[in-house]
Amino acid sequence: MKQRTLANEVEIVGIGLHKGVPVKMRLEPLDSDMGIVFYRSDAGVTIPLKKEFVVDTKMATVIGKDGVVISTIEHLLSAVYAYGIDNLRIVIDNDEVPVLDGSSSGYCMLIEEAGIKELDKSKKAIKVKKMVEVTTPDGKRVCLKPSNRIVYDFEIDFEHPAIGKQNFHFDYSIEEYKENISRARTFGFLHEVQYLRSIGLAQGGSMENAIVLDQTKVLNPEGLRYDDEFVRHKILDAIGDMALLEYTMVGEYDAIAGSHHLNHLLTKKLYEDESNYEIVDLEEASEQAVMFEMAYAKA
């Protein structure tokens with residue numbers, strides 16, 4: 001199993017969810033062991049994708065350095081992480097990643113358009129060895145558990161007739177990600193959108209790039225892509241947030257009402273104790289390597 005990057009550069013122009021301004025973004029290949037880095041071309045600042053550079057998790061995952069930030073990175077990173085891309089330079093000319101249609105399916109298409117290139121050095125993964133969890137007094141919980149597979153389990157429970165209680169179990173493969181996770185859109189409630197716009201946020205949000213709900217129903221005329229699209233999008237977000245681990249995670253992610261903030265605390269807590277994890281060379285760890293080969297077979 002070798003490290004991966006893109007075979008070619010690829011560029012896209014889109015709208016940022018919160019500021020509503022056009023953003024140009026280019027994905028560029030990088031060599032082995034260079035990791036994933038963001039570059040704000042308008043400010044001349046490089047921000048490595050590391051948990052230490054997370055500066056905000058209230059409405060989205062935001063990284064920053066020297067007063068320069070890049071917001072709403074989770075949908076792009078979800079696709080990048082799902083496709084096993086280890087090395088990538090993301091060049092962006094504003095402070096927010098394009099929202100596209102509110103899912104990560106457009107980024108999957110972008111990655112496939114660019115193509116995937118295997119590099120010369122062995123791929124590494126972070127294998128969870130002990131259960132690590134973060135909980136809140138109101139019952140929210142995120143945790144990582146040991147497993148030889150990559151699994152995401154998520155549960156949500158909203159007091160809303162169009163959502164209610166939803167669970168989804170995701171066994172990782174690229175094909176399963178494309179079919180069952182990548183198309184799930186972000187969602188918000190009409191009263192929240194109105195408030196966010198009053199404070200200068202969600203300026204680019206619309207029913208073209210989000211599921212919008214009033215007090216009783218989904219307002220989008222086309223309806224939902226899946227009956228449980230809401231919980232599937234939560235898994236999409238969680239995969240993007242786990243990209244902050246810097247290596248592909250081998251283990252089980254389990255959440256009840258998880259959030260960007262709890263995911264960030266979870267990545268930090270995993271790294272607090274070296275007995276919680278192991279960095280695995282996949283060329284040396286045959287069991288994980290076979291699993292990854294199968295997961296990537298149709299990429």
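All values derive from a computational prediction rather than experimental measurement. (Residues numbered from 1 in each chain as written. Predicted model: local features only at pLDDT ≥ 70, side-chain atom pairs only at ≥ 80, totals over all residues. Heavy atoms only, no water.)

Enquirer: Even after reading the chapter, I still don't get the sheet that holds strand β3 (residues 22–29), so can you show me in this structure?
Expert: Strand order in the open sheet formed by 5 strands is β2-β3-β9-β4-β5, with mixed pairing between adjacent strands. The sheet is open, and its two borders are formed by β2 (10–15) and β5 (45–48), each paired with just one other strand. For this sheet, the mean angle separating the axes of adjacent strands, direction not counted, is 20 degrees. Where helix α2 (residues 105–114) meets the sheet, it contacts β2 and β3, and its direction lies at approximately 160 degrees from that of β2. (Pairing = 2+ DSSP bridges. Helix = DSSP H or I, 4+ residues; strand = E, 2+ residues; numbered from the N terminus. Axes fitted to C-alpha atoms, helices over the stretch in contact; angles between N-to-C directions. Contact = heavy atoms within 4.5 Å.)

Enquirer: Please clarify how the nonpolar core should be interpreted in this entry.
Expert: The tendency in soluble globular proteins is for nonpolar side chains to be buried as a group. In terms of nonpolar packing, the biggest core is built from 81 residues, with F38, Y152 and Y253 touching the most fellow members. Examining the composition of this core, we find that 7 residues originate from one element, helix α5 (residues 229–242), more than from any other. Leaving out residues up to four positions away in the same chain, Y152 has contacts with Y81, F168, H169, F170, I235, A238, I239, M242, M249 and Y253. (Core = buried A, V, L, I, M, F, W, Y, C linked by side-chain atoms within 4.5 Å. Buried < 20%, exposed > 50% of the residue type's maximum accessible area, 1.4 Å probe, protein only.)

Enquirer: I tried to follow the environment of G204 on my own but got confused; where do I start?
Expert: Within the fold, G204 resides in the loop between α4 (190–198) and β17 (211–213). Residues G204 and K269 lie 65 residues apart in sequence; the distance between their C-alpha atoms is 34 Å. When neighbours within four sequence positions are excluded, G204 is seen to be in contact with I15, G16, L17, H18, K19, G20 and N209.

Enquirer: What should I look at first to understand the side chain of T72 in this one?
Expert: Positionally, T72 belongs in the loop between β8 (68–70) and α1 (74–82). Within the local environment of T72, its side chain forms a polar contact with the side chain of E96, the two groups lying 3.1 Å apart. Residues contacting T72, with those up to four places away along its chain left out, are H18, A60, T61, E96 and V97. (Polar contact = N/O pair within 3.5 Å; in protein donor to acceptor, adjacent residues only side chain to side chain.)

Enquirer: Would you explain the sheet that holds β8 in this entry?
Expert: Consider a sheet: its strands pair through backbone hydrogen bonds, and that pairing is either parallel or antiparallel. Strand order in this open sheet of 3 strands is β6-β7-β8, and the pairing throughout is antiparallel. Here the strands that pair on one side only, and so sit at the sheet edges, are β6 (54–56) and β8. Across the sheet, the mean angle from the axis of one strand to that of its neighbour is 45 degrees, orientation sign disregarded. Taken together, the 3 bridges between strand β7 (residues 62–65) and β8 define a ladder with antiparallel strand orientation. Note on β8: the bridge partner recorded for K65 is V68.

Enquirer: Can you walk me through the pairing of β7 in this structure?
Expert: Every other side chain in a regular strand lies on the same face of the sheet, so the side chains alternate between the two faces. Bridge analysis of β6 against β7 gives 2 bridges, and the strand direction is antiparallel. Bridge pairing links V54 to I63 in β7.

Enquirer: Teacher, can you tell me more about the pattern of salt bridges here?
Expert: Between side chains of opposite charge, pairing is possible as soon as their charged atoms come close. Taken as a whole and assessed by the stated rule, the structure comprises 21 salt bridges. A salt bridge links K58 to D56, with the shortest nitrogen-to-oxygen separation between them at 3.1 Å. Residue class for K58 comes out exposed when judged on its relative accessible area of 68%. Residue D56 is classed as partly exposed on the basis of its relative accessible area, which comes to 27%. With a closest N to O distance of 2.8 Å, E229 and R185 form a salt bridge. Taken together, the residues E229 in helix α5 and R185 in the loop between α3 (174–180) and β16 (187–189) connect sequence positions 44 residues apart. Note on R185: relative accessible area 3%, which makes it buried. One connected set of salt bridges, linked through shared partners, spans E9, E11, R26, E28 and R89. (Salt bridge = Lys/Arg side-chain N within 4 Å of Asp/Glu carboxyl O.)

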